[in-house]
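Descriptive structure summary
This is what each chain is made of:
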Amino acid sequence: IDVARTADAGTLTMKNVSISKVATGVRLTTTVGTVVGLLEHVSMNNLTTAIDAAAGGQALLRNCSINRSGTGVLASAASGLVSVEGSSISYSGTCVTTSAAGGVIRLSDNAIYNCSTGIAIPNGQVASDGTNRVFGNGLTTPPNATITLD
């Protein structure tokens with residue numbers, strides 16, 4: 001699902017959906033404003049990239065499952081933002097990564113297991129509230145920002 005807005009912002013809402021065996025599960029980008037993706041109980045399997053927040057793209061994943069993909073969660077632009085809560089990301093090449101300076105991924109209460117790379121931060125920021133379980137991955141970079149629990 002490629003949401004590429006050029007005239008105005010937009011919102012994609014997905015609930016109780018399965019996506020498999022395509023190149024990109026969900027890609028969010030816009031040239032004007034922000035395009036938002038709200039994904040709940042979405043299963044994404046056997047993809048090149050499961051979720052990509054590109055230019056102007058912001059996503060909230062809640063109770064989702066991402067498995068057997070090249071990249072699970074990606075913020076590929078400086079304005080890309082992905083928040084992931086209560087989800088599992090596993091058996092993928094790279095579970096979580098930011099590929100652009102300024103890209104942000106926020107993690108809370110997730111299971112990040114059995115990926116070649118659990119968390120990679122070549123650029124940008126990965127923030128955690130400390131409730132994630134990260135185990136069984138080949139390589140993992142600790143989050144470089146903190147989410148404060150209130």
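Throughout what follows, the structure given in this document is the object of discussion. Since we're looking at a predicted model, the values are computed, not measured. (Residues numbered from 1 in each chain as written. Predicted model: local features only at pLDDT ≥ 70, side-chain atom pairs only at ≥ 80, totals over all residues. Heavy atoms only, no water.)

**Re the pattern of salt bridges**
Stated formally: Here, a salt bridge means any Lys or Arg side-chain nitrogen found within 4 Å of an Asp or Glu carboxyl oxygen. Only DSSP runs of H or I with at least four residues qualify as helices, and only runs of E with at least two residues qualify as strands; both kinds are numbered from the N terminus onward. Buried means the residue's accessible area, taken with a 1.4 Å probe over protein chains only, is under 20% of the maximum for its type, while exposed means over 50%, and partly exposed covers the values in between.
Going through the model one piece at a time under the given rule, you end up with 4 salt bridges. Its salt-bridge partner being aspartate 2, residue arginine 27 comes within 3.7 Å of it at the nearest N-O pair. Of this pair, arginine 27 sits in strand S3 (residues 24–30) while aspartate 2 sits in strand S1 (residues 2–5), and the two are 25 residues apart along the sequence. Using a relative accessible area of 53% as the deciding quantity, one classes aspartate 2 as exposed. For arginine 133, the salt bridge goes to aspartate 109, with nearest N and O atoms at 3.0 Å. Placement of arginine 133 in strand S16 (residues 133–135) and of aspartate 109 in the loop between strand S12 (104–108) and strand S13 (111–113) is noted, with a sequence separation of 24 residues between them. Looking at arginine 133, the relative accessible area reads 37%, which means it is partly exposed.

**Quick notes on unusual backbone geometry**
Non-glycine residue asparagine 46 carries a positive phi angle of around 55°. By the secondary structure assignment, asparagine 46 is in the loop between strand S4 (35–45) and strand S5 (49–53). A positive phi angle is found at aspartate 109, which is not glycine, with a value near 60°.

**Describing the state of the cysteines**
We count it as follows: The disulfide criterion is simple: two cysteine sulfur atoms within 2.5 Å.
Under the definition given, this model contains 1 disulfide. A disulfide bridge connects cysteine 95 with cysteine 115, and the sulfur atoms are separated by 1.9 Å. Given an S-S torsion of about 65°, the disulfide between cysteine 95 and cysteine 115 has right-handed geometry. Of this pair, cysteine 95 sits in strand S11 (residues 94–98) while cysteine 115 sits in the loop between S13 and strand S14 (117–120), and the two are 20 residues apart along the sequence. By relative accessible area, cysteine 95 is classed as buried at 0%. Residue classification places cysteine 115 among the buried positions, given a relative accessible area of 3%.

**Some remarks on the sheet that holds strand S8 (residues 71–75)**
The condition is simple: Only when DSSP finds a minimum of two bridges between them are two strands counted as paired. To obtain each axis, a line is fitted to C-alpha atoms, and for helices this fit is confined to the stretch in contact; angles are then taken between N-to-C directions over 0 to 180 degrees.
Reading across the sheet, the 6 strands line up as S1-S3-S5-S8-S11-S14 and stay open at both edges, with parallel pairing between neighbours. Both edges of this open sheet fall to S1 and S14, since each of them pairs with a single strand only. Averaged over all pairs of adjacent strands, the angle between strand axes in this sheet comes to 10°, irrespective of strand direction. Relative to S3, S1 is paired through 4 bridges, and the arrangement is parallel. For aspartate 2, the partnering residue across the bridge sits in S3 and is arginine 27.

**Digging into the pairing of S11**
Each regular strand displays side chains that alternate between the two surfaces of the sheet. Counting buried positions along S11 gives 5 out of 5 residues, so the element sits mostly inside the fold. Bridging between S8 and S11 involves 4 bridges; their strand directions are parallel. Residue pairing for S11: leucine 74 is matched across the bridge by threonine 97.

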